[in-house]
Amino acid sequence: QGFTFVSRVLIMVTFQFWDDRRFRSYAAAEQQLLDNALSSPQRPNTVVMPGGRYIVRDFHQIEHGRAFQENSLTKFERRMRLEPPYCMPGSEPLVLPDFKFQYQQGKSWHDYTAEAHSELKLLLASAPLPKQAAIVADGHLYCLLHLDSLASGAPCMMQVNEKTGTARQVRALPICTAVPTSSLSNPGMPSMKVKKNGGSFSSASRPSAVPRNSPPLHARQAKFSINSGTFAPDAEAVLLAAWHQPLRQDRVTLPDGHVVEGFRELEEDGAHVVHQGNTMHVKLHLPMPTAGWISLPEQLDVDLPPLSVCGKSLSLAEVQNLASTDTAEMECIICRCELETIEESNCTSES
């Protein structure tokens, strides 16, 4: 008889079940059985525990909080989980900010308990980020749904009470830590505030260009850096004014004569300054937005609003007028697509 050796990856995790008061780890024999099933090249959906009294269902989704233990006689189910934090093969923990989690009750939001916050921090350090997770708050077991949506930038979380089935909205507020301006400076690189080999990026003069409209508070707090160094106040004021122009220029001249190239591509890391033969990249820094809400006009709450509500079609003469000095102005300043005239649109539809 021949033997077939199958490569297996040992995964160091602890399996737990809910005993109506807390999550309890399985005994050594049961842990070993579940370890073997988890490390199997083809993970089973169902695992029969030693003695046959208990059966684990949906074992193939245990890292996403969907496995449960079933009593084979009474059919009573208990939630199972991997003790966080855990890391499955092929997964890497995500780098996420610190969050304060809250649940909605009526029209108000309430903080989770310190115990629940500690549990959530361990879950966020797990890989992969679970699609749902079991947490304990005030002695009650809750199922937190769509925890993995935190990584998408558009979280849509909800908690469900395991006993009552009551569902509540959940939100995660980033905990901001102020970063001193000096931390943006790198002594090893030329700074916009420091003279270097006879050259200087600072100037006593103030910029004459200012934005036509006062930018929102969030945008007024924007900062610019260059190769981890900081700009002089007058140079930063020029960049801020240029950044808020309705039609952003691609070249911005600083008060001391240096020129920022590729300023239209600032958000795509395309802006840079050439200084003494070295190319230094310009970065934009924005503070973390505070918690709030946005109310859209009722006119926008329709399925297919006509474009005439938002703007108008341009004639060829109007588009050419925009591009009188630079062909790049033929692009939409929002989506960067080429502007289409009424004449071109009619030709396309006729063909």
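What comes next is a walk through the structure. (Residues numbered from 1 in each chain as written. Predicted model: local features only at pLDDT ≥ 70, side-chain atom pairs only at ≥ 80, totals over all residues. Heavy atoms only, no water.)

### Here's the deal with the overall build of the protein chain
In terms of regular secondary structure, the protein chain is built from 6 helices and 18 strands. For the protein chain, buried positions account for 32% of its 351 residues. Long-range pairs, those at least 24 residues apart, make up 47% of the contacts in the protein chain between residues at least 6 apart in sequence. Approximately 22100 Å² of the protein chain is accessible, and the part contributed by carbon and sulfur atoms is 53%. (Helix = DSSP H or I, 4+ residues; strand = E, 2+ residues; numbered from the N terminus. Buried < 20%, exposed > 50% of the residue type's maximum accessible area, 1.4 Å probe, protein only. Contact = heavy atoms within 4.5 Å. Areas by Shrake-Rupley, 256 points an atom, 1.4 Å probe, with all protein chains shown as cover.)

### Brief notes about unusual backbone geometry
With omega at 0°, the peptide bond leading from Pro84 into Pro85 counts as cis. Notably, Asp20 is not glycine yet its phi reads approximately 80°, a positive angle. Checked against the element boundaries, Asp20 lands in the loop between strand 1 (15–18) and strand 2 (23–25). You can call Asp20 partly exposed: its relative accessible area is 41%. Even without being a glycine, His146 presents a positive backbone phi close to 60°. Here His146 is to be found in the loop between strand 10 (140–145) and strand 11 (157–161).

### Observations regarding the environment of Ile175
Relative to the elements of secondary structure, Ile175 occurs in the loop between strand 12 (167–174) and helix 3 (217–220). By relative accessible area, which is 48% here, Ile175 ends up partly exposed. Counting along the chain gives 78 residues from Ile175 to Pro97, while the straight-line C-alpha distance between them is 7.2 Å. Not counting residues up to four positions away in its chain, the partners in contact with Ile175 are Asp98, Phe99 and Lys100.

### What to know about the packing of aromatic side chains
Inspection of the entire model under this criterion finds 6 aromatic pairs. The lysine or arginine in question, Arg81, covers the ring of Phe23, its NZ or CZ lying 4.1 Å from the ring centre. A cation over an aromatic ring shows up here: Arg248 above the ring of Phe263, its NZ or CZ 5.6 Å from the ring centre. (Phe/Tyr/Trp six-rings, centres within 6.5 Å; stacked < 30°, edge-to-face > 60°. Lys NZ or Arg CZ within 6 Å of the ring centre and 35° of its normal.)

### What about helix 2 (residues 114–124)?
Along helix 2, the residues classified as buried are Ala116, His117, Glu119, Leu120, Leu123 and Leu124. Down the axis of helix 2, the smallest arc covering the buried residues is 160°, so these residues share one side. When the buried face of helix 2 is taken as reference, the exposed residues oriented beyond 90 degrees from it are Ala114 and Lys121. (Arc of directions from axis to C-beta.)

### Quick word on the side chain of Asp19
As for its placement among the helices and strands, Asp19 is situated in the loop between strand 1 and strand 2. Within the structure, the side chain of Asp19 is placed 3.0 Å from the backbone nitrogen of Arg21, a separation counted as a polar contact. Side-chain polar atoms of Asp19 contact the backbone nitrogen of Arg22, separated by 2.8 Å. Apart from the residues within four sequence positions on either side, Asp19 is in contact with Arg24 and Arg78. (Polar contact = N/O pair within 3.5 Å; in protein donor to acceptor, adjacent residues only side chain to side chain.)

### Brief notes about the sheet that holds strand 11
Across the sheet, 6 strands lie side by side as 8-7-12-11-10-9; this open sheet has antiparallel pairing. Two strands in the sheet have a free side with no partner beyond their single neighbour: strand 8 (108–111) and strand 9 (132–137). Across the sheet, the axes of successive neighbouring strands diverge by a mean angle of 35°, strand direction being ignored. Across 4 bridges, strand 11 lies against strand 12 in antiparallel orientation. Bridge pairing in strand 12 links Val160 to Ala167. Its contacts with the sheet put helix 2 on strand 7 (99–105), strand 9 and strand 10, and the angle it makes with strand 9 is roughly 155°. (Pairing = 2+ DSSP bridges. Axes fitted to C-alpha atoms, helices over the stretch in contact; angles between N-to-C directions.)

### As for helix 4 (residues 233–243)
A large share of helix 4 lies buried, amounting to 9 of its 11 residues. For helix 4, the complete set of buried residues consists of Asp234, Ala235, Glu236, Val238, Leu239, Leu240, Ala241, Ala242 and Trp243.

### Some points on the pattern of salt bridges
Applying the stated criterion across every chain yields a total of 12 salt bridges. Glu119 serves as the salt-bridge partner of Arg81, at 2.3 Å between the closest nitrogen and oxygen. A residue pair is termed long-range when its members are at least 10 positions apart, and Arg81 in strand 6 (residues 77–82) and Glu119 in helix 2 qualify at 38 residues. Here the salt bridges share partners, and the residues they tie into one network are Asp19, Arg21 and Arg24. (Salt bridge = Lys/Arg side-chain N within 4 Å of Asp/Glu carboxyl O.)

### Observations regarding the sheet that holds strand 2
Hydrogen bonding along the main chain pairs the strands of a sheet, whether they run parallel or antiparallel. With antiparallel pairing, 6 strands are arranged side by side in an open sheet as 2-1-6-5-4-3. What marks the edges here is a single partner per strand, and that holds for strand 2 and strand 3 (47–48). In this structure, strand 1 lies alongside strand 6, joined through 3 bridges in antiparallel fashion. Bridge assignment links Gln16 to a residue of strand 6, and that residue is Arg81.

### Some details on the environment of Gln31
The topology assignment puts Gln31 in helix 1 (residues 28–39). For Gln31, a relative accessible area of 12% gives the class buried. Along the chain, Gln31 and Val13 lie 18 residues apart, while their C-alpha atoms are 9.0 Å from each other. Residues contacting Gln31, with those up to four places away along its chain left out, are Val13, Thr14, Phe15, Ser25 and Tyr26. There is a polar contact of 2.9 Å between the side chain of Gln31 and the backbone oxygen of Phe15.

So, to be careful, I would describe these as geometric facts and stop short of saying anything about function.
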